[in-house]
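Okay, here's what each chain looks like letter by letter:
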Amino acid sequence: MIKFIDLFAGVGGIRLGTVTALARYGIESQCVLSSEIDEKACETYQLNFEEYPDGDIKEITEIEPFDILLAGFPCQPFSYAGKRKGFGDTRGTLFFEVERILESYQPKAFLLENVRGLYTHDNGRTFKTIISKLHDLGYGTYDMLLNSSDFGVPQNRVRLYILGIKGATPKMTLSTNLGATDSHQYKKDWEQISLFDRGERKNKCSVGQILENNVPEKYFCSQKFTDQLHSVIGDDLSKLHGYRLIDYRGGRSLHSWELGRKGECSKAEIEFMNLLIKNRRKPVFGTQQDGKKLTIDQIKTFYKADDIFEVIDSLKQKGYLKEENGRYNPVCGNMSFEVFKFLDPQSISITLTSSDSNRLGVIQNNRPRRITPRECARLQGFPDTFIINPSDAFAYKQFGNSVSVPVIETVVSDFIEQNRAELNLSI
């Protein structure tokens, strides 16, 4: 029997992956403590594990003896703590609670999960501090970055995993692999694998494979927004696969002026704005990136039509362009479209976040819609038996914050397989 605790538990993704991995080796497990402060996440946790997590970890002082600590701890501002106390101290951060419990209870092992930015946060001093503290407590560590898209999850999600064993350095066959850099590269890799029909296909999955067939009408986009998309793309909305709706980028993007968000634009006005977006970041116009303002003479180097002044005046009146001291810049605000990114069914999703998961979309049967909470769950590798929070708003947030379950399962399985003696396991 392996006993574990589940800290910063969210909806229980780390627990689910861990229990599944242990069961694969015939190892019974028991969670002796779960801790989470978000009440809505606790509700979802209870729906699935029939227990309501304890609250703030800072207030938990008594824990039954356990073997493994699991924690997807938040990355708090270590730099602030460092300025106050020096980088050898983690007090004031939530990692300190992990450290406190490891020191008090001395479990055999731990698994920590965090964002990839923890590696480089504050010029690497944050990560160095954490590893140093773990070593001071007598734990050997192993860390790696893994991309969920390499584990049968159709999402580009790179996360940091830190494993530890008391008195020993973990051995793993898994190692850092950032996977495809984006959905376009993933699609190329997928097509190449499919061409040669190699075994790697079993670990690959695309967005189209997790879509629901019968989706309630509430997830489909409004008729007005749909008409705007048709006005730009034409009859076949599948051309939107992989498109982002954003004002300050070119490439596979749709912009507010193309969709007539602030008023319908002429072809000349659309061409002007698209050229401005495409050219304004060029080094020849200065070293700034976003917010770069160009003069008429600079704009004339790429927009050469005679109607330049009429076009500029019209765009200023509609609110797409602003002038400051004779220099011009696009007005690039938050467009708040119903969908900000249409996923390509033949590739992977961008990284889910707690704030934007509800505005990821797909084109299905030539209709635009938002992805559903169940599809968000599938993008994180949760089984369809997992019970979703009845509130869509909270469900989107929870899955945006969660871990990818199959990655946890694979990491824990490899950890068990490679460290049986150190973990005192007979499997």
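Whatever comes next refers back to the structure up there.
Bear in mind the structure is a predicted one, so any value in this text is a computation, not a measurement.

Thresholds, definitions, all that
Residues numbered from 1 in each chain as written. Predicted model: local features only at pLDDT ≥ 70, side-chain atom pairs only at ≥ 80, totals over all residues. Heavy atoms only, no water. Pairing = 2+ DSSP bridges. Helix = DSSP H or I, 4+ residues; strand = E, 2+ residues; numbered from the N terminus. Axes fitted to C-alpha atoms, helices over the stretch in contact; angles between N-to-C directions. 1 Å grid on protein atoms, 1.4 Å probe; cavity = no way out; pocket = protein on both sides within 12 Å on 5 of 7 lines; lining within 4 Å. Points joined across faces, edges and corners; volume = space filled by probe spheres on them. Nonpolar A, V, L, I, M, F, W, Y, C, P; charged D, E, K, R; others polar. Salt bridge = Lys/Arg side-chain N within 4 Å of Asp/Glu carboxyl O. Buried < 20%, exposed > 50% of the residue type's maximum accessible area, 1.4 Å probe, protein only. Contact = heavy atoms within 4.5 Å. Expected span 1.5 Å × (residues − 1). Core = buried A, V, L, I, M, F, W, Y, C linked by side-chain atoms within 4.5 Å. Parallel < 35°, antiparallel > 145°, perpendicular 65-115°, else oblique. Left-handed = near helix turned anticlockwise from the far one by under 90°. Phe/Tyr/Trp six-rings, centres within 6.5 Å; stacked < 30°, edge-to-face > 60°. Lys NZ or Arg CZ within 6 Å of the ring centre and 35° of its normal. Right-handed = clockwise from strand over helix to strand, strands pointing away.

1. Description of the sheet that holds strand β6 (residues 158–166)
(1) Moving on: Taken in spatial order, the six strands make up an open sheet running β2-β1-β3-β4-β6-β5, and their pairing is mixed. Looking at which strands have only one partner, the edges of the open sheet turn out to be β2 (29–34) and β5 (139–147). Averaged over all pairs of adjacent strands, the angle between their axes in this sheet comes to 20 degrees, without regard to strand direction.
(2) Moving on: Here strand β4 (residues 109–115) pairs with β6 via seven bridges, running antiparallel.

2. Some points on empty space enclosed by the protein
(1) Moving on: Taken as a whole, this structure holds one cavity of 30 Å³ or more when the rule is applied.
(2) Moving on: By volume, the largest cavity amounts to about 40 Å³.
(3) Moving on: Taken together, Thr18, Ile68, Leu70, Leu111, Leu163, Val412 and Phe415 make up the full set of residues lining the largest cavity.
(4) Moving on: Mapped by element, the contributors of at least two residues to the lining of the largest cavity are β3 (68–71) and α14 (405–418).
(5) Moving on: A class-by-class count of the residues in the lining of the largest cavity yields six nonpolar, one polar and no charged.

3. Observations concerning the pattern of salt bridges
(1) Moving on: Counted under the stated rule, the structure contains 19 salt bridges.
(2) Moving on: The shortest N-O distance in the salt bridge between Arg159 and Glu113 comes to 3.8 Å. One end of the pair, Arg159, is in strand β6; the other, Glu113, is in strand β4, and 46 residues separate them in sequence. Here Arg159 matches Glu113 in class, with each residue buried.

4. Some thoughts on the layout of surface pockets
(1) Moving on: What the largest pocket holds in volume is close to 780 Å³.
(2) Moving on: Looking at the lining of the largest pocket, the element that brings in the most residues is helix α13 (residues 392–401), giving five residues.
(3) Moving on: Looking at the lining of the largest pocket residue by residue, the class counts come to 16 nonpolar, 14 polar and ten charged.

5. Some words on the sheet that holds strand β10 (residues 321–324)
(1) Moving on: One open sheet holds the three strands; their spatial order is β9-β11-β10, and the pairing between them is antiparallel. The two strands at the open ends of the sheet, each matched to only one other strand, are β9 (294–295) and β10.
(2) Moving on: Pairing of β10 with strand β11 (residues 327–330) involves four bridges; the strand directions are antiparallel. Note on β11: the bridge partner recorded for Glu323 is Tyr328.
(3) Moving on: Sitting on the sheet, helix α11 (residues 308–318) is in contact with β10 and β11, with an inclination near 105 degrees to β10.

6. Brief notes about helix α1 (residues 13–24)
One full turn of an α-helix is made of 3.6 residues, so residues set three or four places apart face in the same direction.
(1) Moving on: An ideal rise of 1.5 Å per residue puts 16 Å on twelve residues; α1 measures up with 17 Å between its terminal C-alpha atoms.
(2) Moving on: Inspection of α1 places Gly13, Ile14, Arg15, Leu16, Gly17, Thr18, Ala21 and Leu22 among the buried residues, and these make up the whole buried set.
(3) Moving on: Looking at the buried positions of α1, the neighbouring elements they touch are β1 (2–7), β2, α2 (39–49), β3, β4 and α14.
(4) Moving on: Two residues or fewer after α1 comes Gly26, characterised by a positive phi angle close to 70 degrees.

7. A closer look at the nonpolar core
(1) Moving on: The biggest cluster of nonpolar side chains holds 59 residues, and the ones touching the most others in it are Leu111, Met144, Leu146, Leu163, Met172, Phe382 and Val411.
(2) Moving on: At seven residues, α14 tops the list of elements feeding residues into this core.
(3) Moving on: When sequence neighbours within four positions are dropped, the list of residues in contact with Val411 reads Leu111, Met144, Leu146, Leu163, Met172 and Leu174.
(4) Moving on: Formed by 30 residues, the second largest nonpolar core is a distinct cluster that contains Phe8, Ala71, Ile101 and Phe110.

8. Some thoughts on the packing of α1 against α14
(1) Moving on: Relative orientation of the contacting elements α1 and α14 amounts to 45 degrees, with a least axis distance of 8 Å. Between α1 and α14, the interaxial angle falls into the category oblique. Considering how the two elements wind past one another, α1 and α14 form a crossing that is right-handed. From α1, Gly13, Ile14, Leu16, Gly17, Thr18, Thr20, Ala21, Leu22 and Arg24 reach across to α14, where they touch Val405, Ile408, Glu409, Val412, Ser413 and Ile416.
(2) Moving on: When the residues that make up the contact of α1 with α14 are grouped by side-chain class, the tally is eight nonpolar, five polar and two charged.

9. Looking at the packing of aromatic side chains
(1) Moving on: Using the criterion set out here, one finds twelve aromatic pairs in the structure.
(2) Moving on: Between the aromatic rings of Phe73 and Phe95, the centroid separation amounts to 5.4 Å while the plane-to-plane angle is 50 degrees, which identifies the pairing as tilted. On the criterion of sequence distance, the pair formed by Phe73 in the loop between β3 and α3 (78–85) and Phe95 in helix α4 (residues 95–105) is long-range, its members being 22 residues apart.
(3) Moving on: Taken together, the ring pairs in this structure connect Phe382, Phe386 and Phe399 into an aromatic cluster.
(4) Moving on: The ring centre of Phe220 lies 4.0 Å from the NZ or CZ of Arg367, which sits over that ring.

10. Some points on the environment of Gly72
(1) Moving on: Mapped onto the secondary structure, Gly72 falls in the loop between β3 and α3.
(2) Moving on: Setting aside chain neighbours within four positions, we find Gly72 in contact with Leu7, Phe8, Ile14 and Glu113.

11. Let's talk about the pairing of β3
On a regular strand, one side chain projects to one face of the sheet and the next to the other, so that they alternate.
(1) Moving on: Where burial is concerned, the two faces of β3 agree: the one with Ile68 and Leu70 and the one with Leu69 and Ala71 are both buried.
(2) Moving on: Pairing geometry for β1 and β3, over four bridges, is parallel. Within β3, the residue paired with Leu7 across the bridge is Ala71.
(3) Moving on: Examined bridge by bridge, β3 and β4 share four bridges and lie parallel to one another. Across the sheet, Ile68 pairs through a bridge with Ala109, a residue of β4.

12. Quick look at the pairing of β1
(1) Moving on: With five of its six residues buried, β1 lies for the most part within the structure.
(2) Moving on: As judged from the five bridges shared by β1 and β2, these two strands associate in the parallel manner. Its bridge partner lying in β2, Ile5 is registered against Leu33.
(3) Moving on: Chirality of the crossover, the property in question, places the unit of β1, α1 and β2 among those that are right-handed.

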